Amino acid sequence: MATVYDAIIIGTGAGGGPLALHLAQAGKQILILERGPFMPQEKLNWDTSAVFLDNRYHTREVWQDKDGKDLHPQQAYFVGGQTKVFGAAMFRMRAEDFGEIRHKGGISPAWPISYADMEPYYTRAEKLFHVHGDLGDAPAVPGGYGSSYDPTEPFHSEKYPYPAFANEPRMQSIEDSVRALGVHTFPIPLGLKRNEANPLASKCVRCDTCDGYPCLVHAKSDSDINCIRQIMHLPNVTLRTNTRVVRLLTNASGTAVTAVETMHAGEVETHAAHLFCLCAGAINSAVVLLASANDKHPKGLANSSDQVGRNFMYHQADALLSVSTHRNEDAYTKTWGTNDFYLKDTDPAYPYPLGQVQPVGSFHFEMMKADAPFLTPEFVLEGVKHHAVPWWLTTEDLPSPDNRVTLHNATPMSVDNRQPGVGGAHPSGDTGHTNETEIVSDHAPHRIQLSYTPNNTESFDRLKDRWVDVLKRAGHADASLPLNAYFKKRIPLEGVGHQNGTCRMGNDPRISVLDPHCKAHDLDNLYVVDASCFVSASAVNPSLTIIANAIRVADHILAERFK
């Protein structure tokens, strides 16, 4: 504890990376703590069996579900966090998402901030993460631009910084047919570094290994490449990898955090700072707070409301294959989607939101192995692959206090695992990889319990039925099949990529954990800056909102805490 930093940032994902970038560029002395190593840049980044079947880039931790059964989370612990393996879809939440919305399954509550509060930060986040998109030729609206493609798109003060991705032939054909039915489609905003005007100068090669894969050529806009590697060599920045935060320590009165206790290479270390920013993801940020209980905070740090860990949300989501007689040889398919069912069903008798439809970026026959009948020959699966298009359907998950993260005592408190995966040769690789695995400190088995019961499922089932019907009427689906490679189950306990809501923000300390600037109500110098703060989940990918909010909080910290 020889050095007392201006700020300690715990986690380097969509929240921690942008926050660290802005504090570092302002000259603040910061310590960045990351539980995992850097993602190895290796041939297996693009190997479907390694990524989806062997879970090479997912933690080996074992959690438990609400019934105490083993849960193997698809959680990535690397510099950059989940953004190393996300699909790079960069959606703004709809303006309506920040207000109260009534669903068939219950109420999606209002946020203490509005879309207008977030809009300038969405614009900055799109620039920081090189977002490609298109608002069309709609006329300017008060405050910025609307969209001629998507009626639900909120206003933008500026247009997207980079042009949208073009369709390949199969996706263009489907879009043309769907539009002929009167369905509105829009170009998906993507954080990929693609230069279609000059492919020779493009980092992105428009490959068929994107969604769920690490990017071998660093063309995906992630928090590692776009944020941490921009500042890690600055003299005011200290980055410690393979360092798991065990707990936060407070002063005697319990009013402020004084230090963070970590586990690194089997040794316990302590680091002090004036300000602490917890950005470990919705599940692990709640874990750190609960594990930091002391005599002044017996239920866990920042938990006088008893809300820490509660209201865990994900999405009602599923990957769906539409199979037809048409061949699909497109490499990258996630170029357009529709929000026509986002705010309401087309059936007037069901006046509730359904959700969003977008394609999955890439698909390989290996992903069907878990769902195919036993001993199905690979050539059969390969044949299906050439006639299938993968879709991603999302319906809003609603907050429930019983959907929560809890901790259990475990001995030992941690175990050492190799990440990524087990060292040694991989059956699909051509070399050994023991030199590319590193020891990380994981929680002891079953210490973390993630209890979850699905809700709002009727709206999701309707969304699925609506989209299958659209595809069939458009002549692009003779059959539809589930694709469970992305979620081993649709119940969102293993695929934890869109996790949010465990430390929600609000104005009332009795029913929320954080204030509207993401500072803990109960402590003077603790901020939680990731998807934990979300009050509702919306029905769009959360990454851009996490990034934009991190920039917003960084501005607040620099203006108000580091005057």
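Scroll up to find the structure this text is about.
What you see is a predicted model, and the numbers here were worked out from it, not measured in a lab.

Q: Outline the overall build of the protein chain, listing residues and values.
A: Scanning the protein chain for helices and strands turns up nine helices and 25 strands. Each principal axis of the C-alpha distribution contributes one length, and for the protein chain these read about 70 × 60 × 50 Å. Residues classed as buried in the protein chain amount to 62% of the 563 residues present. When the accessible surface of the protein chain is summed, it comes to about 20400 Å², and 52% of that surface belongs to carbon and sulfur atoms. Here the protein chain holds 51 positive side-chain charges and 64 negative ones, and the gap between their average locations is 2 Å.

Q: Give me the lowdown on the packing of helix α3 (residues 115-128) against helix α9 (residues 543-561), citing residues and values where you can.
A: At a minimum axis separation of 8 Å, α3 and α9 run at an interaxial angle of 110°. In terms of axis orientation, α3 runs roughly perpendicular to α9. Here Asp117, Met118, Tyr121, Tyr122, Arg124, Ala125, Glu126 and Leu128 of α3 lie close against α9, whose contacting residues are Leu544, Thr545, Ile547, Ala548, Asn549, Ile551, Arg552 and Asp555.

Q: So what about the packing of aromatic side chains? Which residues, and what values?
A: Under the criterion given, the structure shown has 14 aromatic pairs. Seen in terms of ring centroids, Phe165 and Tyr332 are 5.9 Å apart; in terms of plane orientation they differ by 55°. Their pairing is tilted. You can see Phe165 sitting in the loop between β10 (162-163) and α4 (169-180) and its partner Tyr332 sitting in the loop between β16 (316-323) and β17 (336-337), a full 167 residues away along the chain. A residue is classified by how much of its surface remains accessible, and Phe165, at 6% relative accessible area, is buried. What makes Tyr332 buried here is its relative accessible area of 1%. Taken together through their ring pairs, the aromatic side chains of Phe98, Trp111, Tyr115, Tyr122, Phe155 and Phe534 make up a single cluster. The ring centre of Tyr77 lies 3.8 Å from the NZ or CZ of Arg35, which sits over that ring.

Q: Can you tell me about helix α6 (residues 282-291), naming the residues and giving the values?
A: α6 sits mainly inside the fold: 10 of its 10 residues count as buried. Listing the buried residues of α6 in full gives Ala282, Ile283, Asn284, Ser285, Ala286, Val287, Val288, Leu289, Leu290 and Ala291.

Q: Residues and numbers for helix α5 (residues 223-231), please.
A: In terms of residue burial, α5 counts as a mostly covered element, since seven of its nine residues are buried. Buried within α5 we find Ser223, Asp224, Ile225, Asn226, Cys227, Ile228 and Ile231. Considering only its buried residues, α5 is in contact with α1 (16-25), β2 (30-33), α3 and β12 (237-240). The N-terminus of α5 is capped by Asp222, whose side-chain oxygen sits 2.9 Å from the backbone nitrogen of Asp224.

Q: Explain the pairing of β2 to me, and be specific about the residues and the numbers.
A: On β2, burial covers both faces: Ile30 and Ile32 on one face and Leu31 and Leu33 on the other are all buried. For strand β1 (residues 4-10) and β2, the ladder comprises four bridges, and the chain directions are parallel. Within β2, the position partnered with Ile10 by the bridge is Leu33. Following the backbone out of β1, through α1 and into the adjacent parallel β2, one traces a crossover that is right-handed. Bridge analysis of β2 against β12 gives four bridges, and the strand direction is parallel. Following the sheet pairing, Ile32 is matched in β12 by Leu239.

Q: Kindly report on the pairing of strand β13 (residues 243-250), identifying the contributing residues and their values.
A: Buried residues dominate β13, accounting for six of its eight residues. For β13 and strand β14 (residues 257-264), the ladder comprises seven bridges, and the chain directions are antiparallel. If you follow Arg244 over to β14, its bridge partner there is Met263. Where β13 hands over to β14, the hairpin turn is made up of six residues, of which Gly254 adopts a positive phi near 75°.

Q: Residues and numbers for the state of the cysteines, please.
A: For the coordinates displayed, the defined rule picks out zero disulfides. Here Cys215 is not disulfide-linked; the sulfur of Cys207 is the nearest cysteine sulfur, at 6.3 Å.

Q: Run through the environment of Thr185, naming residues and quoting values.
A: Looking at where Thr185 falls in the secondary structure, it is placed in the loop between α4 and β11 (186-187). Look at Thr185 and you get buried, because its relative accessible area is 2%. Here the alpha-carbon distance between Thr185 and Ser543, two residues 358 residues apart in the chain, equals 21 Å. The contacts of Thr185, once residues within four sequence positions are left out, are Tyr149, Glu175, Val178, Arg179, Trp336 and Gly337.

Q: So what's going on with the pattern of salt bridges? Which residues, and what values?
A: This structure, assessed with the given rule, holds 28 salt bridges. We note a salt bridge from Arg92 to Glu119, for which the minimum N-O separation is 3.0 Å. Of this pair, Arg92 sits in the loop between β4 (70-71) and β5 (101-103) while Glu119 sits in helix α3; the two residues are 27 residues apart in sequence, bridging distant segments of the chain. For Arg92, a relative accessible area of 0% translates into the label buried. Owing to a relative accessible area of 3%, Glu119 belongs among the buried residues under this scheme. Lys334 is paired through a salt bridge with Asp211; the nearest N and O atoms lie 3.2 Å apart. Separated by 123 residues along the polypeptide, Lys334 in the loop between β16 and β17 and Asp211 in the loop between β11 and α5 bring together distant segments of the chain. With respect to burial, Lys334 and Asp211 carry one shared label: buried. One network of salt bridges, with partners in common, ties together Lys104, Asp345, Asp347, Glu458, Arg462 and Arg466.

Q: Describe in detail the environment of Cys503, supporting the description with residues and values.
A: As for its placement among the helices and strands, Cys503 is situated in the loop between β24 (479-482) and β25 (526-528). Along the chain, Cys503 and Asn45 lie 458 residues apart, while their C-alpha atoms are 33 Å from each other.

Reading guide: rules and limits
Residues numbered from 1 in each chain as written. Predicted model: local features only at pLDDT ≥ 70, side-chain atom pairs only at ≥ 80, totals over all residues. Heavy atoms only, no water. Helix = DSSP H or I, 4+ residues; strand = E, 2+ residues; numbered from the N terminus. Buried < 20%, exposed > 50% of the residue type's maximum accessible area, 1.4 Å probe, protein only. Areas by Shrake-Rupley, 256 points an atom, 1.4 Å probe, with all protein chains shown as cover. Lys, Arg positive; Asp, Glu negative; His and termini not counted. Charge placed at Lys NZ, Arg CZ, Asp CG, Glu CD. Axes fitted to C-alpha atoms, helices over the stretch in contact; angles between N-to-C directions. Parallel < 35°, antiparallel > 145°, perpendicular 65-115°, else oblique. Contact = heavy atoms within 4.5 Å. Phe/Tyr/Trp six-rings, centres within 6.5 Å; stacked < 30°, edge-to-face > 60°. Lys NZ or Arg CZ within 6 Å of the ring centre and 35° of its normal. Polar contact = N/O pair within 3.5 Å; in protein donor to acceptor, adjacent residues only side chain to side chain. Pairing = 2+ DSSP bridges. Right-handed = clockwise from strand over helix to strand, strands pointing away. Disulfide = S-S within 2.5 Å. Salt bridge = Lys/Arg side-chain N within 4 Å of Asp/Glu carboxyl O.

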